[in-house]
Amino acid sequence: MEKHMAVCPYCGTGCKLNLLVEGGKVVGAEPLNGVTNEGELCLKGYFGYDFINDTKLLTPRLRNPMLRRSRDAAFEAVSWDEAIQYAAKRLGEIKAKYGPDSIMTTGSSRGTGNETNYVMQKFTRAVLGTNNVDNCARVCHGPSVAGLQVTLGNGAMSNSIPEIEHTKCVLVFGYNVADSHPVIAKRIIKAKERGAKIIVCDPRKIETARLADLWLPLNNGSNMALVNAFANVLINEGLYNKEYVANYTEGFDEYKKIVDKYTPEYAEAITGLPADDIREAMRIYAAAPSATILWGMGVTQWGQGVDVVKGLSGLALLTGNLGRPNVGVGPVRGQNNVQGSCDMGVLPTEFPGYQKVTDPEIRAKFAKAWGVDSLPGEIGYRLTDVPHLAETGKLKAMYVMGEDPAQTEPDLTQVRKGFEAMEFVIVQDIFMTKTAMFADLILPATSWGEHEGVFSAADRSFQRFTKAVDAKGDVKHDWEIISLLATAMGYPMHYNNTKEIWDELRGLCPIFYGATYEKMEGLGAVPWPCRDLDSAGSKYLYEGNVFQRPGGKGLLFATEWRPPQDQLTEEFPLILCTVREVGHYSCRSMTGNCAALQTLADEPGYVTINPKDAKALGIRDQELVWVSSRRGKVITRASVTDRTNKGAVYMTYQWWIGACNELTIHAVDPIAKTPEYKYAAVRVEPIADQVWAENYVQQEYAKLKGGLSNAVTRAAKKAPAFA
Amino acid sequence: MNRFVTANPSKCIGCRTCEIACALAHSEGAGVEGLAPESFKPRIRMVKTADVSTAVMCHHCEDAPCVNACPNNAIVYRQHSVQVEQERCLGCKNCVLACPFGVMDVVTVPAVRQFAGLTLSLGVKAQAHKCDLCIERGDAGPACVSVCPTSALTLMDREAMDETLRRRRERAALEAAEVAA
């Protein structure tokens, strides 16, 4: 049996593991003693590898480039040469006719790695000539990046994952660590065992709420009011660190003026929390010699996400919980490489290494390195703008790599209309996805396990992963495909391996320069910033309380609370909040093809509902129900549980039949453009004929799977000559 | 003393990694690709209520109700644990009714016999289905304990039990001292 070192492809924890290979097939996974996982894995790490082997449980692996010359035609398998020439010709025509800004690309926050993302944004900027490149951080921790860049100067976790267990207080805000990062949950449990106080702010009784010293079940959509009230208590009870505030922060007077109104009593009406509990939380937080705030999608997936992120960083600034070990602010990244795709500049605002596209000197540096006369200085489009831009004719072509927006974006009806309106869509993936069904050209890539590269864990740690098996079928590495396309479009691009790409980007990004492949050998992890070849990187940021802002001080920021956008009415009386499934990942194209994970949880998924709401609606546990919003209607299974608060229901976003994004609203944060996935007005209805409903689910599921599978098998049969 | 696996609810996050590991450890080498919803029967089960998430499994009782209830002596004490001699199991379910923890089940598996190079179907065979502490894994110990990402599961043997008792007595002594003072 062979063993090949990898980093788990499923969340931002960055767990190191060995893939066990027998006869060219991955047959198992075992944990390694990586920096962040220390010999642990969760169910996805242990049992989430068999998708590589093309199990076809949900959808087949892609084996050939596939093209359809008109939207009503079926896909046909074509040669790489034809696929690349066709893509180059169509993209060239669209660029000539409508200009470079009519084309958009995506990076991928998933298994492909940092090097591919670097190459994708280079292609977008240097070859297409636009900054229209984005990644799914937009629908995830985009507000954390935007908010923290303003208040502290760096959008990432300020501390490292191992430090969490050494802090004396963990304030968990809108972050279901047990389901999102099981291996990080262990750090919180260990912190508690070492005497840390745990405070949890979440409307649901999540696992961490069960273990908490204080649980604040705030009303859905009241985050800003609670954060302001926290600041109010810290200031008005004199709990804040006056010396720290005077020396290392700015904006205190303005900040105080805004939060003054948010007394715990005032916030009580908005948050539904007893004023004394709000006070108690801050007394615990302020009293701790070291305290860490961790947050997730419960903070960011709101129309007011950036403001709340800024507000949370304010709590750390007020109490001096930054710039030293075991404290800080932690937007814990969800996808395995969403930190990395941001690091690599697959963002419409920034080059790799967080260098702004609006800065002429930076543009000149990259233009020189990439051998082009100039690079675009206009900020590009955001991923969430796509449906609207496509429908209004501004966006004509899209090159989607390793993402499935037709499953993961809000208001899927709009998303589908957007794809239909575009003239040319390329999807580059390892699986036939719902998005790939809208493509004109499908480019099959190698999977995690079939290629090597570097991922960035949630705590900024660069770690290498290696190849375990050879890819089957006529597939290529993502970065090779993009290079071929660039060359066909008149920009010769060639790399022999990922290290060549890494060394090129290191040279262009001062904060990554010292993070060499050699340092990441084996279990090595290098947290950026790592500016020098003799540096081991930075476990925590803001050493000496120097913030990466003009003047070096942290900014205290508060603003008024805004209510969520969707309106509860008699017709749609319940709040739908979308959440995640512990055993599934992202759009589920990977985990849905893993036998063990699919065995634990399969279509149509669940809507969890409080027993009181369920009783009023005549809904019993495990029955199939309809959930509808102003935008759509889906079937799913009711899970009646006291852990769900009254008035709200929760659906995990992994299901293709019970697809909650048919229901979600396209209301976005004004700055980060992140959608309000956490608040849509819905109605839940019982279904009288459960036998019919069960059959309906099975039929719809079979139809969906059949459609995806047929698209691939028919194409392969049509043109097998070069397969 | 019989060994047994204990779960600590204050560490459990309800992820069910243990359930998959259990099913795989008893899949006779079939690997993950052999798992399917209809045949998924882990011997450890995660239970989630409003206030508790934890795994439940066989206690390997010293005076086991299942052993006492079995009319065919199919359940025995072996290697400091309670084990089922499957060839003796009738599938009468007395053990299921007797178990106060709800961790004994009776399942049926296809029964086959090899004869002259042919595989003959013999209908179904009943099996009393419970935690066997993965005795076939030998020193590797129970699969569930080895994978639990939060170390919520522990194998309790005489030594581990003595250590737990020693710590509890120490705590009791300290508390008693506080009361006296």
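Residues numbered from 1 in each chain as written. Chains lettered and ligands numbered in written order. Predicted model: local features only at pLDDT ≥ 70, side-chain atom pairs only at ≥ 80, totals over all residues. Heavy atoms only, no water.

Participant: Please clarify how the overall build of chain A should be interpreted in this entry.
Facilitator: The secondary structure content of chain A amounts to 24 helices and 28 strands. Taking 2.2 N^0.38 as the reference for a compact globule, 723 residues should give roughly 27 Å; the C-alpha atoms of chain A span a radius of gyration of 24 Å, in line with that estimate. Along the first, second and third principal axes, the C-alpha atoms of chain A reach 75 × 65 × 55 Å. Within the span of chain A, comprising 723 residues, buried residues form 68% of the whole. In chain A, the share of contacts with a sequence separation of at least 24, taken over all contacts with a separation of at least 6, comes to 74%. (Helix = DSSP H or I, 4+ residues; strand = E, 2+ residues; numbered from the N terminus. Rg over C-alpha atoms; globule rule 2.2 N^0.38 Å. Buried < 20%, exposed > 50% of the residue type's maximum accessible area, 1.4 Å probe, protein only. Contact = heavy atoms within 4.5 Å.)

Participant: When you look at the pattern of salt bridges in this model, what are you seeing that I'm missing?
Facilitator: It is possible for side chains bearing opposite charge to pair when their charged atoms get close. Residues and elements named next belong to chain A. Throughout the structure, instances matching the rule amount to 54 salt bridges over all chains. Note that E450 is salt-bridged to R61, the shortest N-O span being 2.8 Å. Of this pair, E450 sits in the loop between β18 (441-444) and β19 (453-456) while R61 sits in the loop between α1 (43-47) and β4 (66-67); the two residues are 389 residues apart in sequence, bridging distant segments of the chain. For K192, the salt bridge identified is with D213, shortest N-O distance 3.8 Å. Here K192 is found in helix α6 (residues 182-193), whereas its partner D213 is found in the loop between α7 (207-211) and β10 (214-216), with 21 residues between them in sequence. With a relative accessible area of 38%, D213 lands in the partly exposed category. (Salt bridge = Lys/Arg side-chain N within 4 Å of Asp/Glu carboxyl O.)

Participant: Honestly, the interface of chain A and chain B in this entry has me stumped. Any pointers?
Facilitator: One frequent convention defines the size of an interface as the accessible area lost when the parts assemble. On the chain B side, the residues contacting the 30 residues of chain A number 31 residues. Summed over both partners, the interface of chain A with chain B buries about 2400 Å², with 59% contributed by carbon and sulfur atoms. In terms of surface lost to chain B, no three residues of chain A exceed F47(A), T599(A) and L600(A), which account for 23% of the buried area on that side. Summed over the shared surface of chain A and chain B, the result is four salt bridges. K11(B) serves as the salt-bridge partner of E193(A), at 3.2 Å between the closest nitrogen and oxygen. Run the count over chain A and chain B and you get 14 residue pairs in polar contact (both at pLDDT 80 or more). The element that contributes the greatest number of residues to the side of chain A that touches chain B is α6(A), accounting for six residues. Grouping the amino acids of the side of chain A that touches chain B by side-chain chemistry returns 17 nonpolar, three polar and 10 charged. (Buried area = accessible area lost by both parts, 1.4 Å probe. Polar contact = N/O pair within 3.5 Å; in protein donor to acceptor, adjacent residues only side chain to side chain. Nonpolar A, V, L, I, M, F, W, Y, C, P; charged D, E, K, R; others polar.)

Participant: Explanation requested: helix α12 (residues 275-287) of chain A in the structure shown.
Facilitator: Along an α-helix, residues three or four apart share an orientation, since each turn contains 3.6 residues. Look at α12(A): 19 Å from first C-alpha to last across 13 residues, which is about the 18 Å you get at 1.5 Å a residue. Looking only at α12(A), the buried set comprises A275(A), I278(A), R279(A), A281(A), M282(A), I284(A) and Y285(A). (Expected span 1.5 Å × (residues − 1).)

Participant: Before we go on, may I ask you to explain the nonpolar core in this structure?
Facilitator: Across soluble globular proteins, nonpolar side chains have a tendency to be buried as a group. Ranked by size, the top nonpolar core spans 132 residues in total, and within it F123(A) and I20(B) carry the most contacts. Considering every element that reaches this core, the biggest residue donor is helix α2 (residues 80-98) of chain A, with eight residues. Among the nonpolar cores identified, the runner-up in size contains 52 residues, and L171(A), F252(A), L273(A) and I284(A) belong to it. (Core = buried A, V, L, I, M, F, W, Y, C linked by side-chain atoms within 4.5 Å.)

Participant: Quick question: what am I supposed to make of the pairing of strand β20 (residues 461-465) of chain A here?
Facilitator: Regular strands show a simple pattern: their side chains alternate between the two faces of the sheet. All names here are of chain A. β20 sits mainly inside the fold: five of its five residues count as buried. Burial of the side chains of β20 extends over both faces: S461, Q463 and F465 are buried on one face and F462 and R464 on the other. Pairing between β19 and β20: four bridges, direction antiparallel. Its bridge partner lying in β20, F455 is registered against Q463. Where β19 folds back on β20, the antiparallel hairpin that results is connected by four residues, among which R460 adopts a positive phi of roughly 75 degrees. As paired elements, β20 and strand β21 (residues 525-527) share three bridges and run antiparallel to each other. Bridge pairing in β21 links S461 to P527. (Pairing = 2+ DSSP bridges.)

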